[in-house]
Amino acid sequence: MQSSEDLGSTFGRAWQLLSSNWNIAIPAVILGIIGGILVHLVASMFITGGAVVGSLGAILLGGLLTLAISTVIQILTIGFTTGMGVAAWRTGKADISDGTAVFSNGGAVQTLILWMVIGVVLALIPVLGWLADIVLMFLLIYAVPAAVVSGEGAGAAFGESVNIVTKNFLPTLIIILLIACIGFAGGILGAMVSFVPFLGKIVAMVIQEVIVAYGMLVIIGEYLKVRAATPAAPPPA
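If you're wondering where the values come from, they're calculated on a predicted model, not measured in any experiment.

Conventions and cut-offs
Chains are numbered independently. Their residues run from 1 in the order of the written sequence. Confidence filtering applies because this is a predicted model: local features only for residues at pLDDT of at least 70, side-chain atom pairs given and counted only at 80 or more, and all residues used for totals across whole chains, interfaces and linings. Only heavy atoms go into the side-chain values, all of them from the structure, while hydrogens and water stay out. In this text, helices come from DSSP runs of H or I with a minimum length of four residues, and strands from runs of E with a minimum of two, each type numbered from the N-terminal end. Exposure is judged per residue with a 1.4 Å probe applied to protein chains only, and the accessible area is read against the type maximum: over 50% gives exposed, under 20% gives buried, and values in between give partly exposed. Contacts are assigned to residue pairs that have any heavy atoms within 4.5 Å of one another. For accessible areas, the Shrake-Rupley method is used with a probe of radius 1.4 Å. Any residue's cover is judged against the shown protein chains and nothing else. In this analysis, the expected span of each helix is defined as 1.5 Å times one less than the number of residues it contains. Salt bridge, as used here, is a side-chain nitrogen of Lys or Arg placed within 4 Å of a carboxyl oxygen of Asp or Glu. To obtain an axis, a line is fitted to C-alpha atoms, over the contacting stretch when the element is a helix, and the angle between two such axes runs from 0 to 180 degrees between their N-to-C directions. Note on convention: the crossing is left-handed when the near helix lies turned anticlockwise from the far helix by less than a right angle, right-handed when the turn is clockwise. In this classification, Asp, Glu, Lys and Arg are treated as charged, Ala, Val, Leu, Ile, Met, Phe, Trp, Tyr, Cys and Pro as nonpolar, and every other residue, Gly included, as polar.

Trainee: Would you take a moment to explain the overall build of the chain for this structure?
Mentor: Within the chain one finds 10 helices and 0 strands. Helices (α) and strands (β) of the chain occur, in sequence order from the N terminus, as α-α-α-α-α-α-α-α-α-α. Taken over 237 residues, the chain has a buried fraction of 44%. By sequence separation, contacts in the chain at least 24 residues apart represent 71% of the contacts at least 6 residues apart. Carbon and sulfur atoms make up 75% of the accessible area of the chain, which totals about 11,800 Å².

Structure below.
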């Protein structure tokens, strides 16, 4: 089992990599701006407009469009960050091309899409929405890095993630809780600025996406550490 110093070094090294490779945050910032603008427009046209005229259908449509926009932004942010993060952890350097390469990796794209689809489906199930957090942010937390590194499909990536979590339950739980605390602090900051007309929601989404980028760097670092410590399987007889 890892000590608190080991986990602390993962968080510290992730911050060093992000600081020395600020371009890792560029896709998150750009996507956050785009997502913030789209969410603002949808909220103005459907949610606020629907509330004014008393149209429940417009409000529900606005909510679904907002969820769809946020989901796509998350997929793209996680994909870019994972590709660049793996390169940064391995070589100390990352380039935008490392992020774009993820989207030509069939196994990684399949894993990204299924990862998010599972989350959305679980989140929409009445009463059982909390399952989305447990499945995505715990059991399948290492799935996307596994797919990017190995190039295998979603099944193998999901299986590897579950295997790592079951063997490293407590370290994974601590990492998730610490990232959640960072996300909570970012959420408060985002809520504070979200009331600023137009720019508020854009800044809030940028903050959210940058936190996602940092969290992914931490998860990637832990995944690569566990992967390196796992003995290779013996060749078949």
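The rest of the description comes next.
Trainee: Is there a simple way to think about the environment of I47 in this case?
Mentor: Along the chain, I47 turns up in helix α2 (residues 25-53). For I47, a relative accessible area of 30% corresponds to the partly exposed category. Considering only alpha carbons, one finds I47 and T66, 19 residues apart in sequence, at a separation of 9.7 Å. If sequence neighbours within four positions are ignored, I47 has contacts with V42, A58, I59, G62, G63 and T66.

Trainee: Please explain helix α9 (residues 169-193) as it appears in this structure.
Mentor: Residues lying three or four places apart along an α-helix face the same way, a consequence of the helix completing one turn every 3.6 residues. The first and last C-alpha atoms of α9 sit 36 Å apart over 25 residues, in line with the 36 Å expected at 1.5 Å per residue. For α9, the set of buried residues is P171, T172, I175, I176, I179, G186 and G190.

Trainee: Looking at this structure, how should I read the pattern of salt bridges?
Mentor: A side chain of one charge can pair with a side chain of the opposite charge when the charged atoms of the two come close. As enumerated under the stated definition, the model contains 2 salt bridges in all. Residues E160 and R227 are paired through a salt bridge, measuring 3.2 Å at the closest nitrogen-oxygen approach. Of this pair, E160 sits in helix α8 (residues 154-167) while R227 sits in helix α10 (residues 199-229), and the two are 67 residues apart along the sequence. By relative accessible area, which is 35% here, R227 ends up partly exposed.

Trainee: What's the story with the packing of helix α3 (residues 56-91) against helix α5 (residues 106-124) in this structure? I'm lost.
Mentor: Packed helix pairs are characterised by how far apart their axes lie and by the angle those axes make with each other. Relative to each other, α3 and α5 sit at 145°, their axes nearing to 10 Å. Note on packing geometry: the crossing formed by α3 with α5 is right-handed. Contacts between α3 and α5 involve L67, T71, Q74, I75, I78 and G79 from the former and L112, W115, M116, V120 and L124 from the latter. When grouped by side-chain class, the residues that make up the contact of α3 with α5 number 8 nonpolar, 3 polar and no charged.

Any functional reading would require information beyond the geometric quantities listed.
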